[in-house]
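# Structural overview for review
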Amino acid sequence: MKTVAVVGSQWGDEGKGKIVDLLAADADVIVRFQGGNNAAHTLVVNGEKFILRLVPAGALHAGKVCVIGNGTVVDPIALIGEIDELKRRNHLKDDGLLRLSYDAHMVMPYHRAIDRAREARLGKSAIGTTGFGIGPAYEDKMSRMGLRFDDLSNFAAFKEKLERNVREKNLYLKLVLKAKPVSAAEIVEQMRKVRTRLTRYLGDTSVLLAEAIAAGQRVLFEGAHGVMLDIDHGTYPYVTSSNCGASAVFGGAGVAPGKLDCVLGITKAYTTRVGGGPFPSEMKGKLAETLRVEGDEFGSATGRPRRIGWYDTVLARHAARLNGMWGLALTKLDVLTGIDPLKICVAYELRGRRYSEIPPGRHLLEKVKPIYEELPGWREDITQTRSLAELPASARRYLNRVSELSGVKLAMVGVGAAREATIVIENPFRA
Ligand code: IMP
Ligand code: MG
């Protein structure tokens, strides 16, 4: 298959970065299509750790075209920082290989200020956002007051719009949120530098992708976050402000629906989430602590400890249905080594009734009780295994059960953090 989308099937942090990096070897173009630097992909390449937030993971392979599509919201200062860091570490050498849609919206300092001030005021009912201004930037996009990279082409007009926005945002910050205002003059100066630095990357990325697809190139669409953080299909309001599933490829990259060949769902061998909101299979206590440490489950964007839970196949079926998944890449199986027994959530119970789908009325997710199936664990080190046959029988059984209950075949299994620590059953680009 030539065009593949990778999407998260839980609450983000499924290990998409590693799988995207692995698939990028076979792709010509790698595309981000939604979200912003609230996403953070941790990659380990030749023992070196990288955290990518905005630049697609293809940047770690020489010669690949990396695209940041129109559906993203891009903090230009953060993007420049990331580009500089990659260049310092000998990547992204050719500026022609990074393309940024001029239709993408810019995350401004006032978006960050609003995001943080709102969260602070919400106190206990805070969403637990990353504080990077993502929600407020998408709000401005929808209310048609956002600034796009395209606006930088006429700096005088850009400055006027920016100053108008700052006046309005400052009123809101001061009067409603009781927070400190931002300085228009400072932002204008920052954006002058942004213009000098980023103009070289701007282009019509929809046309670029249409041409690449027509020429038979392989395109990898790199989703951020996960289905349960999707603004429509996630645990609203404890979600991010974009669609995070495969459907977002079309709007967010400017690619026609018929052009996507395949969706690969990324799922972790257990479940995590950062921030507030319902989490039916959440576990408390010592085991959660063990998994948090073993799995290094601390937010790569914010450093916050992630909440930990058992694998939830109700959510997996929800994600599979919404995305039409061709296959599953299950990551971090090695983290479960030594835990016995293992549990898989197969359904929920609520007021004496069993639900195999999320019960209608999403608020009920706060109240459901998970129904678990127990499976035996394993003790053997599996980090060197490179085929299913090498895995202990109970690990294979766990994988089979996850796949069966999710209704999606397994395509890959991650057994360690490094690119090569992966059992590849079927590579979608070679299928
Ligand atoms: P926001 O995207 O910063 O507005 O945050 C909204 C919610 O999404 C919060 O619970 C965040 O922790 C969560 N979130 C956003 N991006 C990611 C991600 O890439 N991984 C995990 N959680 C995320
Ligand atoms: Mg992440």
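Anyway, here's the lowdown on the structure attached to this text. Here the structure is a predicted model, which is why all the values come from computation and not from measurement.

Conventions and cut-offs
Residues numbered from 1 in each chain as written. Chains lettered and ligands numbered in written order. Predicted model: local features only at pLDDT ≥ 70, side-chain atom pairs only at ≥ 80, totals over all residues. Heavy atoms only, no water. Helix = DSSP H or I, 4+ residues; strand = E, 2+ residues; numbered from the N terminus. Rg over C-alpha atoms; globule rule 2.2 N^0.38 Å. Buried < 20%, exposed > 50% of the residue type's maximum accessible area, 1.4 Å probe, protein only. Areas by Shrake-Rupley, 256 points an atom, 1.4 Å probe, with all protein chains shown as cover. Lys, Arg positive; Asp, Glu negative; His and termini not counted. Charge placed at Lys NZ, Arg CZ, Asp CG, Glu CD. Salt bridge = Lys/Arg side-chain N within 4 Å of Asp/Glu carboxyl O. Contact = heavy atoms within 4.5 Å. Polar contact = N/O pair within 3.5 Å; in protein donor to acceptor, adjacent residues only side chain to side chain. Phe/Tyr/Trp six-rings, centres within 6.5 Å; stacked < 30°, edge-to-face > 60°. Lys NZ or Arg CZ within 6 Å of the ring centre and 35° of its normal. 1 Å grid on protein atoms, 1.4 Å probe; cavity = no way out; pocket = protein on both sides within 12 Å on 5 of 7 lines; lining within 4 Å. Points joined across faces, edges and corners; volume = space filled by probe spheres on them. Nonpolar A, V, L, I, M, F, W, Y, C, P; charged D, E, K, R; others polar. Donors = N, O, S within 2.8 Å, 3.2 Å for Na, K, Ca; no water. Pairing = 2+ DSSP bridges.

## Observations regarding the overall build of the protein
A tally of helices and strands in the protein yields 11 helices and 20 strands. The C-alpha atoms of the protein give a radius of gyration of 22 Å, which matches the 22 Å a tight globule of 431 residues would have. Seen through its C-alpha atoms, the protein measures out along the principal axes to roughly 65 × 50 × 40 Å. Taking all 431 residues of the protein together, the buried fraction comes to 56%. Element-wise, carbon and sulfur atoms account for 51% of the exposed surface of the protein, whose accessible area totals about 17,500 Å². Side chains of the protein give 61 positive and 49 negative charges; the mean places of these two sets differ by 4 Å.

## Notes on the pattern of salt bridges
Side chains bearing opposite charge may pair, as long as their charged atoms lie close to each other. For the structure shown, the criterion picks out 28 salt bridges. Lys87 serves as the salt-bridge partner of Asp95, at 2.7 Å between the closest nitrogen and oxygen. Taking relative accessible area as the criterion, Asp95 reaches 23% and is therefore assigned partly exposed. Taking relative accessible area as the criterion, Lys87 reaches 29% and is therefore assigned partly exposed. Between Glu282 and Lys284 there is a salt bridge, and its shortest N-O distance comes to 3.6 Å. Given a relative accessible area of 22%, Glu282 falls into the partly exposed group. What makes Lys284 exposed here is its relative accessible area of 67%.

## Overview of helix H10 (residues 313–323)
In terms of burial, H10 is largely enclosed, as 9 of its 11 residues are buried. Those residues of H10 that sit buried are Thr313, Val314, Leu315, Ala316, Arg317, His318, Ala319, Ala320 and Asn323. On its buried side, H10 packs onto strand E1 (3–8), strand E11 (262–268), strand E14 (311–312), strand E16 (342–350), strand E17 (353–355) and helix H11 (393–406). The opening residue of H10 is Asp312, an N-cap whose side-chain oxygen sits 2.9 Å from the backbone nitrogen of Val314. Remark: Gly324 follows H10 within two positions and exhibits a positive phi of approximately 55 degrees.

## A word on the packing of aromatic side chains
Evaluated as defined, the whole model comprises 4 aromatic pairs. Each ring, one from Trp11 and one from Phe279, has its centre 5.1 Å from the other, and the planes form 55 degrees; the classification is tilted. Separated by 268 residues along the polypeptide, Trp11 in the loop between E1 and helix H1 (16–24) and Phe279 in the loop between strand E12 (271–273) and helix H9 (286–294) bring together distant segments of the chain. Residue class for Phe279 comes out buried when judged on its relative accessible area of 7%. In this structure, Arg89 is placed above the aromatic ring of Phe50, and the distance from its NZ or CZ to the ring centre is 3.9 Å.

## Let's talk about empty space enclosed by the protein
Left-over empty space is what a probe sized like a water molecule reveals as it rolls over the atoms. Here the structure, examined in full by the defined rule, presents 1 cavity of 30 Å³ or more. Its boundaries defined by the atoms lining it, the largest cavity holds a volume of some 30 Å³. Within the residue set of the lining of the largest cavity, elements represented by two or more residues are E14 and H10. Classifying every residue of the lining of the largest cavity gives 3 nonpolar, 4 polar and 1 charged.

## Focus on the coordination of the magnesium ion (ligand 2)
Only Asp13 (OD) and Ala40 (O) from the protein coordinate the magnesium ion (ligand 2), and they sit 2.1 to 2.4 Å from it. With Asp13 in the loop between E1 and H1 and Ala40 in the loop between strand E2 (29–32) and strand E3 (41–45), the pair connects residues that are 27 residues apart, well separated along the chain. With relative accessibility at 22%, the residue Asp13 sits in the partly exposed group.

## Some words on the pairing of E3
The alternating pattern of E3 places His41, Leu43 and Val45 on a buried face and Thr42 and Val44 on a face that is not buried. When E3 meets strand E4 (residues 48–52), the two strands line up antiparallel, connected through 5 bridges. When the sheet's bridge partners are listed, Val45 is paired in E4 with Glu48. As consecutive antiparallel partners, E3 and E4 are separated by 2 residues, and within that stretch Asn46 has a phi angle of approximately 50 degrees, a positive value.

## Focus: the sheet that holds strand E7 (residues 98–101)
Across the sheet, which stays open at both edges, the 10 strands sit in the order E9-E7-E5-E2-E10-E1-E11-E15-E19-E20 with mixed pairing between neighbours. Looking at which strands have only one partner, the edges of the open sheet turn out to be strand E9 (202–203) and strand E20 (422–424). As defined by bridge partners, strand E19 (residues 410–414) adjoins E20 across 3 bridges and the pair is classed as antiparallel. Each bridged residue has a counterpart across the sheet, and for Val413 the counterpart in E20 is Ile423.

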